[in-house]
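Chains, contacts and geometry: an overview
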Amino acid sequence: MPTFTAVLSEVRLGPGGLSGALDVPPALRPAPGQYLLASSGDPTDPLPAALFPATPPDAPLRVAPPLPAHWSGGMRLHLRGPLGHGFHLPEPARRVALAALDSAPELLLPLAHLALRSGAAVALYAAQPPQGLPDAVEALPLELLAEALSWADYLAAAFPLSSLPALRRLCALAPHQQFSMETQGLVLATMPCGGAALCGACAVLTGRGWKHACADGPVFSLNLLEEAG
Amino acid sequence: MIRPEIPLASPYMNAAGSLGFAPPAAWPLPERMGAFVTHPISLARRTPAASRALLPFAGGFLLHTGLPNPGLRTVLRAYAARWARASLPIWAHLIPENPSQAAEMVARLENVEGVLAIELSLPPGAGPQEGLEFASAALGELPLAFCIPLDRAAGPWVAELAGLGVAAFTLSAPRGCLPGPAAMPVSGRLYGPALFPQVMSALLALKPLGVPLIAGAGVFSRADAAALLSAGAAAVQFDAALWKGYI
């Protein structure tokens with residue numbers, strides 16, 4: 001697994017916490033939903049943090065909030081990755097719904113750009129629209145998410161695993177009811193080992209047994225995720 | 001009593017649970033890896049704990065996962081061939097639930113090519129007498145490294161363990177407790193550079209027993225490793241430090 005260093009710059013504080021820019025070679029950039037595992041270089045800082053892209057693959061890389069609160073601009077980060085399985089925008093998707101629940105909507109920005117470029121109509125359901133949201137994306141409140149199920153042909157969401165029941169409620173799904181369209185969810189879990197150990201901290205219960213968000217995800221089909229996890 | 005020698009190609013190792021079940025393609029130190037310690041293996045499959053948690057504290061973190069693993073039989077099916085091909089000694093880290101499981105697991109590993117040592121951890125609630133019974137049951141043809149968590153590295157039972165003929169003591173991650181969600185206490189293993197003074201202290205306290213000591217907690221830098229080796233550690237194990245990809 002490649003390891004490399006990059007300088008964190010243009011650190012901004014937004015509603016979701018700190019975000020920043022990283023000068024990362026194109027081959028090492030995470031695709032939408034993939035991540036880099038980053039450490040500050042401070043030996044007393046015991047845990048690396050997962051950094052997700054907030055910009056499309058051909059734009060300078062910004063990483064989504066929240067970065068660790070003690071990180072600052074100019075800091076050289078040690079990085080491992082790109083790691084995990086990201087989003088896969090289905091070829092025929094023409095109406096794309098994105099939903100950020102209890103998470104930064106910036107996580108879905110790269111996917112929004114890709115969907116727009118493919119000619120799809122895009123709506124983002126979030127508590128607050130992110131900075132840099134393209135004008136062509138319709139920003140809607142999460143409370144309207146159930147409507148997306150009647151018009152979208154692809155739904156992508158970002159949420160902590162503990163919010164899966166709330167996501168299903170927002171989508172007005174009955175218990176055990178499956179989504180009728182193609183869906184994917186970026187499961188936000190603490191992934192301290194980044195797949196190096198399969199330590200179990202990010203274990204996710206799916207219809208195909210226990211999976212690791214760090215290595216098998218962090219993007220899963222929403223129909224595969226089970227609430228007991 | 002003849003103490004078996006621990007198989008090590010160098011004094012730098014990984015700790016159980018830090019690098020999975022098979023040696024990694026890359027190792028972040030210039031010195032070669034002395035041995036590879038597997039992820040903890042139980043006799044039967046273990047699923048993740050329902051209340052998994054990772055809780056940071058100053059200088060470290062508490063991890064509670066339930067040590068999920070597919071069980072010894074599945075692990076052997078998946079990894080025995082890679083262990084046989086490994087260019088360094090494989091230490092199988094076992095987490096039996098009782099002494100008879102320990103004996104059964106050790107017996108099944110004795111003829112597995114590449115496995116040159118057993119490292120044994122006790123269940124969280126096991127007392128000193130049970131610890132001695134686990135160690136006795138796990139003593140077989142393979143050298144046994146017995147894990148002593150830093151919070152239990154004192155008392156007469158450690159000297160008794162030394163007398164049993166274990167090949168080494170691994171001074172391993174202690175357990176602790178932190179308030180979790182809704183202030184409910186969460187117990188788990190502790191990791192981080194904040195443990196360094198404890199591992200150094202345990203190392204010095206147990207040195208007179210004459211058992212090779214492996215410092216397996218709180219090692220987060222090359223300077224930490226060098227200090228522990230200078231203080232008499234036979235080897236050092238890096239745990240979560242390896243997840244950063246550099247040391």
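**Brief notes about helix H3 (residues 128–138) of chain B**
Considered for burial, the residues of H3 of chain B that qualify are Gly131, Leu132, Phe134, Ala135 and Ala138 of chain B. The arc that holds the buried residues of H3 of chain B, viewed along the axis, is 160°, so those residues lie on one side.

**Re the interface of chain A and chain B**
Listed by partner, the interface residues are 26 residues for chain A and 23 residues for chain B. Where chain A abuts chain B, roughly 2000 Å² becomes buried across the two surfaces, and 64% of that area is made up of carbon and sulfur atoms. Linking chain A to chain B there are zero salt bridges. Joining chain A to chain B, the criterion identifies four residue pairs in polar contact (both at pLDDT 80 or more). Listed by contribution, the elements that provide at least two residues to the side of chain A that touches chain B are strand E3 (35–39) and strand E6 (76–83) of chain A. Looking at the side of chain A that touches chain B residue by residue, the classes come out as 15 nonpolar, eight polar and three charged.

**Structural notes on the packing of aromatic side chains**
Under the defined criterion, the tally for this structure stands at five aromatic pairs over all chains. For the ring pair tyrosine 35 of chain A and phenylalanine 52 of chain A, a centre distance of 5.9 Å and an interplane angle of 45° mean the geometry is tilted. Of the two residues, tyrosine 35 of chain A is situated in strand E3 and phenylalanine 52 of chain A in the loop between strand E4 (49–51) and strand E5 (62–67); the sequence distance between them amounts to 17 residues. A residue is classified by how much of its surface remains accessible, and phenylalanine 52 of chain A, at 8% relative accessible area, is buried. Cluster of aromatic residues (ring-pair linked, three or more members): Phe61, Tyr191 and Trp243 of chain B.

**Notes on the environment of phenylalanine 196 of chain B**
Residues and elements named next belong to chain B. Looking at where phenylalanine 196 falls in the secondary structure, it is placed in helix H5 (residues 196–206). With 40 residues separating them along the chain, phenylalanine 196 and valine 236 place their C-alpha atoms 12 Å apart. With sequence-adjacent residues up to four places away left out, phenylalanine 196 is seen in contact with Gly218, Asp224, Ala227 and Leu228.

**Some remarks on H5 of chain B**
Residues and elements named next belong to chain B. The set of residues buried in H5 consists of Phe196, Val199, Met200, Ala202, Leu203 and Leu206. Buried residues of H5, viewed axially, fall in a sector of 165°; they line one side. Turned more than 90 degrees from where H5 packs its buried face, Pro197 and Ala205 sit exposed. Where H5 is buried, its residues meet strand E7 (144–149), helix H4 (156–164), strand E8 (168–172), strand E11 (213–215) and helix H6 (222–230).

**Structural notes on the pattern of salt bridges**
Residue and element names in this part refer to chain A. Within this structure, the stated rule accounts for five salt bridges over all chains. The partner of glutamate 10 in a salt bridge is arginine 62, with the nearest N and O atoms 3.8 Å apart. In this pair, glutamate 10 sits in strand E1 (residues 3–14) while arginine 62 sits in strand E5, placing the two residues 52 residues apart along the sequence. Its relative accessible area of 13% is what places arginine 62 among the buried residues.

**Here's the deal with the sheet that holds strand E9 (residues 175–179) of chain B**
Strands belonging to one sheet form pairs held by backbone hydrogen bonds; the direction of such a pair is parallel or antiparallel. All names here are of chain B. Across the sheet, four strands lie side by side as E3-E4-E10-E9; this open sheet has antiparallel pairing. Edge strands, defined here as strands with exactly one partner in the open sheet, are strand E3 (53–57) and E9. Across this sheet, the average inter-strand angle for adjacent strands is 40°, counted without regard to direction. Pairing geometry for E9 and strand E10 (residues 185–191), over five bridges, is antiparallel. Pairing of proline 179 across the sheet is with proline 185, part of E10.

**Focus on the pairing of E3 of chain B**
All names here are of chain B. As judged from the five bridges shared by E3 and strand E4 (residues 60–64), these two strands associate in the antiparallel manner. Residue pairing for E4: phenylalanine 57 is matched across the bridge by glycine 60. Linking two consecutive strands that pair antiparallel, namely E3 and E4, is a turn of two residues; a positive phi of about 85° is found at glycine 59 within it.

**Quick look at the nonpolar core**
Of all hydrophobic cores here, the largest spans 142 residues; its most connected members are Leu109, Phe146, Phe169, Leu228 and Phe238 of chain B. Ignoring anything within four residues of it in the chain, the contact list for leucine 109 of chain B reads Leu72, Leu76, Trp83, Ala92, Leu94, Val115, Ile118 and Leu142 of chain B. In this structure, Leu36, Leu51, Val63 and Leu67 of chain A belong to the second largest nonpolar core, which totals 18 residues.

**Some points on the pairing of E5 of chain A**
Consecutive residues of a regular strand have side chains that alternate between opposite faces of the sheet. Residues and elements named next belong to chain A. With five of six residues buried, E5 is to be regarded as a mostly interior element. As judged from the three bridges shared by strand E2 (residues 17–22) and E5, these two strands associate in the antiparallel manner. Bridged to leucine 18 within E5 is leucine 67.

**Things to note about the environment of leucine 18 of chain A**
Residue and element names in this part refer to chain A. Mapping leucine 18 onto the fold places it in strand E2. According to the relative accessible area criterion, leucine 18 is buried, its value standing at 14%. As a C-alpha pair, leucine 18 and tyrosine 154 span 136 residues in sequence and 29 Å in three-dimensional space. Each residue touching leucine 18, except ones within four places of it in the same chain, is listed here: Val11, Arg12, Leu13, Ala64, Pro65, Pro66, Leu67, Pro68, Ala69 and Trp71.

**Observations concerning the packing of helix H1 (residues 72–85) of chain B against helix H2 (residues 99–109) of chain B**
Each pair of packed helices gets described by two things: the angle between the helix axes and the distance between those axes. All names here are of chain B. In contact at an axis separation of 12 Å, H1 and H2 are set at 30° when each is read in the N-to-C sense. Classified by the interaxial angle, the pair formed by H1 and H2 is roughly parallel. In this structure, H1 crosses over H2, and the sense of that crossing is right-handed. Of the residues in H2, those touching H1 at Leu72, Arg73, Leu76 and Trp83 are Met105, Arg108 and Leu109. Within the contact of H1 with H2, the residues separate by chemical class into five nonpolar, no polar and two charged.

Rules behind the numbers
- Residues numbered from 1 in each chain as written.
- Chains lettered and ligands numbered in written order.
- Predicted model: local features only at pLDDT ≥ 70, side-chain atom pairs only at ≥ 80, totals over all residues.
- Heavy atoms only, no water.
- Buried < 20%, exposed > 50% of the residue type's maximum accessible area, 1.4 Å probe, protein only.
- Helix = DSSP H or I, 4+ residues; strand = E, 2+ residues; numbered from the N terminus.
- Arc of directions from axis to C-beta.
- Contact = heavy atoms within 4.5 Å.
- Buried area = accessible area lost by both parts, 1.4 Å probe.
- Salt bridge = Lys/Arg side-chain N within 4 Å of Asp/Glu carboxyl O.
- Polar contact = N/O pair within 3.5 Å; in protein donor to acceptor, adjacent residues only side chain to side chain.
- Nonpolar A, V, L, I, M, F, W, Y, C, P; charged D, E, K, R; others polar.
- Phe/Tyr/Trp six-rings, centres within 6.5 Å; stacked < 30°, edge-to-face > 60°.
- Pairing = 2+ DSSP bridges.
- Axes fitted to C-alpha atoms, helices over the stretch in contact; angles between N-to-C directions.
- Core = buried A, V, L, I, M, F, W, Y, C linked by side-chain atoms within 4.5 Å.
- Parallel < 35°, antiparallel > 145°, perpendicular 65-115°, else oblique.
- Left-handed = near helix turned anticlockwise from the far one by under 90°.

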